[in-house]
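As a plain string of letters, each chain reads:
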Amino acid sequence: MKCLDESNIDCPAESMGIADLGCSSGPNTLLLISDIIDTIDAKCRSLGSSSPEFRLFLNDLFNNDFNDIFASLPAFYNRIREEKGTEFGPCLISGVPGSFYGRLFPRNSLHFVHSSSSLHWLSQVPPGLESNAGTALNKGKIYLSKSSPQCVLEAYSKQFQEDFSLFLRCRSEEIVAGGRMVLSFMGRSSEDPTTEDSCYQWELLALALMTMVYEGLVEEEKVDSFNAPYYAPCPEELKVEVEKEGSFIVERLEAFQVDWDGGMMEEYRTCDTLEGLSRARGRQVAKTIRAVVESMLESHFGTEIMDDLFQRYQEMVGHYLAKSPTKYINLVISLMKRA
Ligand SMILES: C[S@@+](CC[C@H](N)C(=O)[O-])C[C@H]1O[C@@H](n2cnc3c(N)ncnc32)[C@H](O)[C@@H]1O
């Protein structure tokens, strides 16, 4: 999906500040930047004007592998020069380490901010998931679940509100009036945060951990005390926070359904039974979830159980997908900074 719609760009500035928040590091990091450059370039051409200078900022947490990104820049700059000519740009790319739940850029320095698959990560595990006596309240679960008490649901929702509002406040300082922000991240379609589209990937991971508790491989207390710093909001919650903070206007807000395994994979072609296909889908989902959450789980449960845990998870996901059409919900919100 394109993050920037050409028809949405007004008169390009002479020098544009553009930031990708939660850029990660890997082959996809610079794809997004290419996409943004191409879209703005096409718009400028259609207006008969030359492209602006691009100041491109790649942000992620301090421990992100920025060196890996920087090592791929010479090839990227060469490609841009070959495709667009030496007069184009310039494109000036910098890495900006730090949390997007805080200020990252100088005042009024950005025209466009993008973030994908990152804002569902909270700044911290919500406080208040233990009783006054220190007993875990979300027993046997690692995220919101049908069995989570109301105070746990409220603690998660409150943490999301505080984080998202802080995010908007910081960006409102950094983005010029009329500047745009496109954010996409995991969400849910209904107000109830415990529906399957909102949390069932975590439910199955908790179930896989609990099978290890029953077999004496993991301490129950360890599962009770782990809670993911994640929250999948519904569209209404986003709108409320944007209105409350007051600096941005919602231009578009859409919810998309996404397959847990990202759709048809090449390896599925070799599956000749439905059971084989379910197993392959389970494997694919477990691989992607493992890539995202393993480091978090390892520091709490230890490295030794990871292979066993994700083998169990893969099987559970395979069985689940064979009988359930549940999909993730991806929310995409486009915002404009008020004058
Ligand atoms: C799943 S990756 C998304 C990568 C890329 N944007 C994409 O769409 O493919 C999520 C990224 O968000 C980053 N992230 C999470 N919380 C963050 C925060 N508070 N500030 C900056 N980056 C954050 C993570 O470090 C991770 O690299």
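See the structure shown above.
Now for a look at the structure at hand. Note that the coordinates shown come from a computational prediction; the quantities given were computed from them, not determined experimentally. (Residues numbered from 1 in each chain as written. Predicted model: local features only at pLDDT ≥ 70, side-chain atom pairs only at ≥ 80, totals over all residues. Heavy atoms only, no water.)

Looking now at the packing of helix α1 (residues 29–46) against helix α3 (residues 73–84). Where α1 meets α3, the axes come as close as 12 Å, and the angle between the chain directions of the two elements is 20°. In terms of orientation, α1 and α3 fall into the roughly parallel class. The chirality of how α1 crosses α3 is right-handed. Of the residues in α3, those in contact with L30, I33, S34, I37, D38 and D41 of α1 are L73, F76, R79, I80 and K84. Its residues assigned to classes, the contact of α1 with α3 shows six nonpolar, one polar and four charged. (Axes fitted to C-alpha atoms, helices over the stretch in contact; angles between N-to-C directions. Helix = DSSP H or I, 4+ residues; strand = E, 2+ residues; numbered from the N terminus. Parallel < 35°, antiparallel > 145°, perpendicular 65-115°, else oblique. Left-handed = near helix turned anticlockwise from the far one by under 90°. Contact = heavy atoms within 4.5 Å. Nonpolar A, V, L, I, M, F, W, Y, C, P; charged D, E, K, R; others polar.)

Let us look at the sheet that holds strand β4 (residues 110–116). Pairing is mixed across the open sheet formed by seven strands, whose spatial order is β3-β2-β1-β4-β5-β7-β6. The two strands at the open ends of the sheet, each matched to only one other strand, are β3 (91–97) and β6 (248–258). Between one strand axis and the next, the sheet turns through 15° on average, direction left out of account. One ladder, built from ten bridges, connects β6 with strand β7 (residues 328–337); its direction is antiparallel. (Pairing = 2+ DSSP bridges.)

On to the side chain of T194. Following the sequence through the fold, T194 ends up in the loop between β5 (175–187) and α5 (196–214). On the accessibility criterion, T194 (10% relative accessible area) is buried. Within the structure, T194 has its side chain in polar contact with the side chain of K146 (distance 3.3 Å). When near neighbours in sequence (up to four residues on either side) are disregarded, T194 contacts S145, K146, L153 and C199. (Buried < 20%, exposed > 50% of the residue type's maximum accessible area, 1.4 Å probe, protein only. Polar contact = N/O pair within 3.5 Å; in protein donor to acceptor, adjacent residues only side chain to side chain.)

Along an α-helix, residues three or four positions apart point the same way, because every turn accommodates 3.6 residues. Of the residues making up helix α7 (residues 235–245), those classed as buried are E237, L238, E241, V242 and E245. On an axial view of α7, the arc spanned by its buried residues comes to 130°, and they lie on one face. α7 presents E243 and K244 as exposed residues on the side facing more than 90 degrees away from its buried surface. A positive backbone phi angle near 90° is found at G246, which sits one or two residues after α7. (Arc of directions from axis to C-beta.)

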